[in-house]
Amino acid sequence: MMDLKGRDVISFRDFTREEILYLLSLSKEMEEKTHPDLLKGRVLALLFFEPSTRTRMSFESAMKLMGGEVISFADPGATSVVKGESLRDTVKIVAGYASAIVIRHFLEGAARLVADTVDVPVINAGDGSNQHPTQTFLDLYTIQKTKGTLEGLTVGFIGDLKYGRTVHSLTYALAHFNASMYFISPSALRMPSDLLDGLTKRGVKFKETTSLEEVSGKLDALYCTRIQKERFADPIEYGKVKDAYHLSKAALNQLDVKDDLKILHPLPRVEEMDESLDDTPYAVYFQQAHSGVPVREAILAAVLDVKERG
Amino acid sequence: MMDLKGRDVISFRDFTREEILYLLSLSKEMEEKTHPDLLKGRVLALLFFEPSTRTRMSFESAMKLMGGEVISFADPGATSVVKGESLRDTVKIVAGYASAIVIRHFLEGAARLVADTVDVPVINAGDGSNQHPTQTFLDLYTIQKTKGTLEGLTVGFIGDLKYGRTVHSLTYALAHFNASMYFISPSALRMPSDLLDGLTKRGVKFKETTSLEEVSGKLDALYCTRIQKERFADPIEYGKVKDAYHLSKAALNQLDVKDDLKILHPLPRVEEMDESLDDTPYAVYFQQAHSGVPVREAILAAVLDVKERG
Amino acid sequence: MMDLKGRDVISFRDFTREEILYLLSLSKEMEEKTHPDLLKGRVLALLFFEPSTRTRMSFESAMKLMGGEVISFADPGATSVVKGESLRDTVKIVAGYASAIVIRHFLEGAARLVADTVDVPVINAGDGSNQHPTQTFLDLYTIQKTKGTLEGLTVGFIGDLKYGRTVHSLTYALAHFNASMYFISPSALRMPSDLLDGLTKRGVKFKETTSLEEVSGKLDALYCTRIQKERFADPIEYGKVKDAYHLSKAALNQLDVKDDLKILHPLPRVEEMDESLDDTPYAVYFQQAHSGVPVREAILAAVLDVKERG
């Protein structure tokens with residue numbers, strides 16, 4: 001039995017391989033049976049200083065499916081923050097109303113600051129472009145579930161690899177499990193070199209390329225991300241990239257991919273991935289989004305120390 | 001036992017006379033006794049792309065009184081929609097977080113699109129100026145409750161009959177029950193002719209008039225709606241109409257109405273109906289609003305297949 | 001057993017000394033043990049026509065910790081109010097959805113109007129600069145808890161005593177308990193003379209001063225409030241006052257205060273109180289904020305007549 005009671009969930013890097021595997025197995029347990037009284041009498045505070053439908057709603061659903069309650073604000077304009085109150089004061093007060101806090105904030109480091117300020121467990125639901133650890137847990141969970149294992153997979157990452165925090169965090173996570181990686185991006189949006197150095201030090205095999213075609217046949221999973229127009233000074237340059245990295249059923253049929261390739265995407269998608277993909281066996285991104293509920297159930301249950309026991 | 005499990009509630013026209021009567025009788029059951037554990041462990045998603053206090057709050061209250069839980073957004077600005085996500089993607093994801101979806105959207109047809117996209121039951125809480133079926137159920141419920149029957153009533157409709165979706169839907173509904181109808185409106189805001197044609201085909205007796213006085217003595221119920229200033233190019237024209245169709249206790253006392261006349265209004269009211277009416281025995285519009293809770297309880301219980309029995 | 005069933009909580013002045021003591025003792029009971037089913041099946045409506053994080057969230061937490069449910073709006077822009085609906089109509093409708101109503105409104109007297117309009121209990125969560133009775137209950141509760149008694153204390157009030165509704169209400173409350181009071185403020189922000197007259201009539205000993213130093217040694221408790229820049233026509237004048245009334249650990253160490261002095265503040269604080277105070281034994285303002293939950297639990301339980309016994 002792993003003891004995660006009272007733990008903050010700020011960065012995926014705070015977790016060992018064993019803790020990760022434990023939480024994934026607890027997520028599976030959560031998905032397989034209901035437990036409507038597990039968190040009865042517990043109140044979770046959701047503090048969203050920045051909007052996020054899917055993250056907020058899946059945390060709410062997770063807490064409520066376990067019999068817990070939620071208090072929240074989703075509009076910082078409606079808080080004492082507008083009267084000049086410090087984030088520290090706000091969360092110190094909220095900590096008296098709730099058993100745990102989930103925070104999304106537009107500033108990097110905000111979640112860590114909150115965790116250092118209050119005694120209740122704090123879960124980071126995204127701090128600026130920095131960390132979003134529960135997203136990485138659900139990415140891993142989806143890979144494990146749809147591939148049958150996390151060990152020794154060959155995983156491609158495509159799109160904006162420079163700014164995509166979900167990609168950065170997931171590469172770090174997969175390094176625990178002997179993954180080989182292909183980084184497929186326009187040259188302007190390559191993986192940051194310090195992250196590649198980190199992978200090298202951990203003995204991870206990886207290769208960078210600008211062409212999906214070149215590597216598509218080797219992939220067990222492909223993780224897509226949105227390429228944002230704002231990243232390009234030249235709209236013509238963006239236009240080229242957008243077309244080259246657009247995934248569709250037709251485009252995929254041109255490629256030589258494994259039959260059991262699984263395609264993930266953190267969503268929302270806009271132009272980078274066509275709806276025609278949705279009904280192919282490759283597409284697991286909606287399943288991935290739905291995994292947000294059992295994974296967040298597991299994390300909440302673990303840090304509040306009320307785990308189902310088998 | 002009527003089986004409505006998994007049914008979408010998009011338009012009132014999707015329901016047979018028998019299904020309508022069944023849901024009204026289930027509403028009565030819901031009003032008469034509490035059932036605090038009926039929907040325990042179920043989560044309802046409320047997606048309001050357009051504001052609506054009373055509809056949203058009565059759905060929430062209905063779900064919670066049956067022990068269920070609610071996740072919601074009431075501000076589309078705080079969702080992935082602003083990042084360009086399609087409505088289809090948004091609801092596919094939310095469908096993984098909840099047992100059913102209630103949607104209000106500013107576009108006609110949005111609710112049907114959602115119902116065609118997801119597997120969970122979808123309830124239309126208003127799509128543009130099109131349908132709002134749970135409103136019609138509560139209108140019918142109120143008429144049935146306050147008149148003792150739905151059969152063979154003479155019902156007047158007054159105000160904006162051209163744009164009022166609640167009126168259109170209720171006339172359709174009452175045609176199931178041998179109603180006679182009077183349509184009282186300024187000539188610019190008459191009932192659309194295709195709807196009148198439909199009533200004729202179904203054998204409904206009706207009459208159009210511009211004067212309440214002319215028909216007031218015949219009515220068992222009078223359904224009022226708001227006349228909106230924006231409908232008139234000429235403010236002088238609006239001013240005349242507004243005064244002619246203003247209901248008050250004094251105005252009503254001038255008329256020869258039945259003692260048991262019941263006056264309904266979907267609310268909110270503004271200038272068309274005076275507070276002086278509120279304490280007359282005619283006024284049932286607040287009772288009508290309150291009926292939103294048991295009626296929505298019945299609909300939720302029916303589509304989630306957890307009905308009280310016996 | 002005090003019977004407060006169905007009572008509105010509009011102004012602190014509506015409560016007798018005995019009722020106050022009863023609610024404080026019920027608050028203590030609420031704090032000491034959990035009662036997760038006490039309000040099962042009850043729905044509380046929170047109507048916030050003005051933002052307030054801490055009040056709203058602590059009411060929500062209170063209701064939910066007792067097994068009750070909450071429906072709410074926190075954004076009047078998303079309600080029928082924007083369509084011109086009267087406050088009376090809005091609350092008449094909401095009263096049909098809930099067992100009790102909590103209202104915050106920007107207009108003085110709004111809560112009383114609502115209480116006169118509906119049959120369910122109404123709790124005032126702040127009406128303009130007028131009343132905020134549950135705040136006064138939690139202020140009293142904190143003083144009683146941290147001082148061991150409410151009887152015969154010497155209490156200082158510092159800051160904006162002219163506009164601070166929490167100060168006005170608390171002085172009224174403490175007059176029930178033989179308190180002596182010191183009013184410490186810049187001359188432009190002195191206590192209103194009618195309130196001082198009221199204290200005199202009730203036999204309360206008090207003294208006004210501009211200097212904390214002069215009276216600091218006599219105080220059992222010090223209640224601080226924010227001085228708002230907007231109150232001063234001359235920014236230089238504000239600057240002087242701000243510095244003179246700034247509390248910090250260093251400033252306090254210069255004064256001769258009792259060892260068991262307790263410092264309260266309704267929060268949010270901005271510049272008037274330094275974070276350096278937070279870890280001194282004097283600071284009880286976060287504890288005070290946290291008391292919002294048990295105090296509001298007690299008030300909700302009392303007016304809904306579902307009190308723990310024994």
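Here the structure is a predicted model, which means the values were calculated and not measured. (Residues numbered from 1 in each chain as written. Chains lettered and ligands numbered in written order. Predicted model: local features only at pLDDT ≥ 70, side-chain atom pairs only at ≥ 80, totals over all residues.)

### Some words on the overall build of chain A
Cut-off, in case you're wondering: What counts as a helix is a DSSP run of H or I of at least four residues, what counts as a strand is a run of E of at least two, and both are numbered from the N terminus. In this treatment the radius of gyration is a C-alpha quantity, and the globule benchmark scales as 2.2 Å times the residue count to the 0.38 power. Exposure in this text rests on C-beta crowding, where 20 or more other C-beta atoms within 10 Å of a residue's own make it buried, 12 or fewer make it exposed, and counts in between make it partly exposed. The C-beta atoms are placed from the backbone. Remark: residues whose backbone-derived C-beta atoms lie within 7 Å of one another are considered to be in contact.
When helices and strands are tallied, chain A shows 12 helices and 9 strands. Taking 2.2 N^0.38 as the reference for a compact globule, 310 residues should give roughly 19 Å; the C-alpha atoms of chain A span a radius of gyration of 20 Å, in line with that estimate. Its C-alpha atoms give chain A principal-axis dimensions of roughly 55 × 50 × 40 Å. The proportion of buried residues among the 310 residues of chain A is 52%. In chain A, the share of contacts with a sequence separation of at least 24, taken over all contacts with a separation of at least 6, comes to 76%.

### Points about helix H2 (residues 53–65) of chain A
All names here are of chain A. In plain terms, the rule: Each helix should span, by expectation, one fewer than its residue count multiplied by 1.5 Å.
The end-to-end C-alpha distance of H2, which contains 13 residues, comes to 18 Å, matching closely the 18 Å that a straight helix rising 1.5 Å per residue would cover. Of all 13 residues making up H2, 13 are buried, and the element is well covered by its neighbours. With its phi angle positive at about 85°, Gly 67 sits one or two positions after the end of H2.

### What to know about the domain arrangement of chain A
As a measure of interface size, the accessible area lost when the parts come together is often cited. Residues and elements named next belong to chain A. Quick reminder of the rule: Those domain boundaries reflect an automatic or database domain assignment. Asp, Glu, Lys and Arg are counted as charged, while Ala, Val, Leu, Ile, Met, Phe, Trp, Tyr, Cys and Pro are counted as nonpolar; the rest, among them Gly, fall into the polar class.
Domain boundaries assigned for chain A yield domain 1 (12–131 + 292–303) and domain 2 (134–289). Counting only elements with at least two residues in the side of domain 1 that touches domain 2, the list comes to helix H1 (17–32), strand E4 (122–127) and helix H12 (292–303). Of the residues belonging to the side of domain 1 that touches domain 2, the class tally is 8 nonpolar, 5 polar and 4 charged.

### Some words on the environment of Gly239(C)
Locating Gly239(C) in the fold gives a position in helix H9 (residues 235–244). The spacing of Gly239(C) and Lys229(C) is 10 residues in sequence and 8.6 Å in space, taken between C-alpha atoms.

### Points about the interface of chain B and chain C
At the junction of the two partners, chain B supplies 20 residues and chain C supplies 19 residues. Elements with a contribution of two residues or more to the side of chain B that touches chain C: helix H2 (53–65) and helix H11 (285–290) of chain B. Ranked by the residues each element gives to the side of chain B that touches chain C, the list is headed by H2(B), at 8 residues. Within the side of chain B that touches chain C, the residues separate by chemical class into 11 nonpolar, 5 polar and 4 charged.

### What about helix H3 (residues 87–94) of chain C?
Side chains of residues three or four places apart in an α-helix project in the same direction, reflecting 3.6 residues per turn. Of all 8 residues that make up H3(C), 6 are buried, and the element is covered over most of its length. Every buried residue of H3(C) is listed here: Asp89(C), Thr90(C), Val91(C), Lys92(C), Ile93(C) and Val94(C). Check the buried side of H3(C) and you find it contacts H2 and H11 of chain B together with strand E1 (43–48), strand E3 (100–105) and helix H4 (110–117) of chain C.

### Some remarks on the interface of chain A and chain B
In this assembly, 20 residues from chain A lie in contact with 19 residues from chain B. Of all elements in the fold, only H2 and helix H11 (285–290) of chain A reach the threshold of two or more residues within the side of chain A that touches chain B. With 8 residues, the single largest contributor to the side of chain A that touches chain B is H2(A). Tallied by class, residues from the side of chain A that touches chain B come to 11 nonpolar, 5 polar and 4 charged.

### Focus: the sheet that holds strand E2 (residues 69–73) of chain A
All names here are of chain A. Worth spelling out the cut-off: DSSP calls a pair of strands paired once it identifies at least 2 bridges connecting them. Interaxial angle, 0 to 180 degrees, is taken between N-to-C directions of lines fitted to C-alpha atoms, where a helix line uses only the stretch in contact.
With parallel pairing, the 4 strands of this open sheet are ordered in space as E2-E1-E3-E4. Across the chains shown, the open sheet's two edge strands, defined by having one partner strand only, are E2 and E4. Taken pair by pair, the neighbouring strands of this sheet meet at an average axis angle of 15°, ignoring direction. Note that strand E1 (residues 43–48) and E2 share 5 bridges and pair parallel.

### Regarding the relation of the copies chain B and chain C
Rules: Least squares is used to superpose the copies, and the fit set is the C-alpha atoms of residues whose pLDDT is at least 70 in both copies.
Superposing chain B onto chain C requires a rotation of 120° together with a translation of 0.0 Å along the rotation axis, leaving an RMSD of 0.0 Å. Here the symmetry operator amounts to a three-fold rotation axis. In terms of proximity to the rotation axis, the leading residue of chain B is Glu69(B), whose C-alpha is 5.3 Å off the axis.

### Comments concerning the sheet that holds strand E5 (residues 154–158) of chain C
Residues and elements named next belong to chain C. One open sheet accounts for 5 strands, arranged E7-E6-E5-E8-E9; its pairing is parallel. Every other strand in the sheet has two partners, leaving strand E7 (205–209) and strand E9 (262–264) as the edge strands with one partner each. Here the average twist between neighbouring strands, direction ignored, is 20°. Strand direction decides the pairing type here: strand E8 (residues 221–224) and E9, joined by 3 bridges, are parallel. Among the inter-strand pairings, Tyr 223 is bridged to a residue of E9, identified as Leu 264. Across the sheet, helix H5 (residues 133–147) touches E8 and E9, and the angle it forms with E9 is around 165°.

### What about the environment of Met191(C)?
All names here are of chain C. Along the polypeptide, Met 191 turns up in the loop between strand E6 (180–184) and helix H7 (193–201). A residue is classified by how many C-beta atoms lie within 10 Å of it, and Met 191, with 20 of them, is buried. Residues Met 191 and Gly 164, 27 residues apart in the sequence, show an inter-C-alpha distance of 8.9 Å. With residues up to four places along the chain from it excluded, the contact list for Met 191 reads Leu 161, Phe 183, Leu 196 and Glu 208.

### Re the pairing of strand E2 (residues 69–73) of chain C
Applied cut-off: When the strands point away from the viewer and the path from the first strand over the helix to the second turns clockwise, the crossover is right-handed.
With 4 of 5 residues buried, E2(C) is to be regarded as a mostly interior element. For the segment spanning E1(C), helix H2 (residues 53–65) of chain C and E2(C), crossover handedness is right-handed.

### Some words on unusual backbone geometry
Residue and element names in this part refer to chain A. A cis geometry characterises the amide bond from Leu 267 onward to Pro 268, with omega recorded as 0°. By the secondary structure assignment, Pro 268 is in the loop between strand E9 (262–264) and H11. Even without glycine at this site, Leu 267 takes up a positive phi of about 60°. By secondary structure assignment, the location of Leu 267 is in the loop between E9 and H11. Accessibility expressed as a C-beta count within 10 Å gives 21 for Leu 267, which makes it buried.

### What about the packing of helix H1 (residues 17–32) of chain B against helix H5 (residues 133–147) of chain B?
To describe two helices that pack against each other, one gives the angle between their axes and the distance between the axes. Residues and elements named next belong to chain B. Put simply, the rule is: For classification purposes, angles smaller than 35 degrees are called roughly parallel, those larger than 145 roughly antiparallel, those between 65 and 115 roughly perpendicular, and all remaining angles oblique.
Where H1 meets H5, the closest approach of the two axes is 10 Å, and the angle between their N-to-C directions is 70°. One way to sum up the angle between H1 and H5 is to call them roughly perpendicular. For the pair formed by H1 and H5, the contact residues are Leu 23, Leu 24 and Ser 27 on the first element and Phe 137, Leu 140, Tyr 141 and Gln 144 on the second. Broken down by class, the residue content of the contact of H1 with H5 amounts to 5 nonpolar, 2 polar and no charged.

### Re the packing of helix H5 (residues 133–147) of chain A against helix H6 (residues 165–174) of chain A
Residue and element names in this part refer to chain A. Filter applied, for reference: In this scheme the handedness of a crossing depends on how the near helix is turned from the far one: anticlockwise by less than a right angle means left-handed, clockwise means right-handed.
In the contact formed by H5 and H6, the axes pass within 9 Å of each other and the chain directions differ by 55°. With respect to H6, the axis of H5 lies oblique. Crossing handedness for the pair H5 and H6: right-handed. Residue-level inspection shows Pro 133, Gln 135, Thr 136, Asp 139 and Leu 140 of H5 in contact with H6, the latter providing Thr 166, Ser 169, Leu 170 and Ala 173. Its residues assigned to classes, the contact of H5 with H6 comprises 4 nonpolar, 4 polar and 1 charged.

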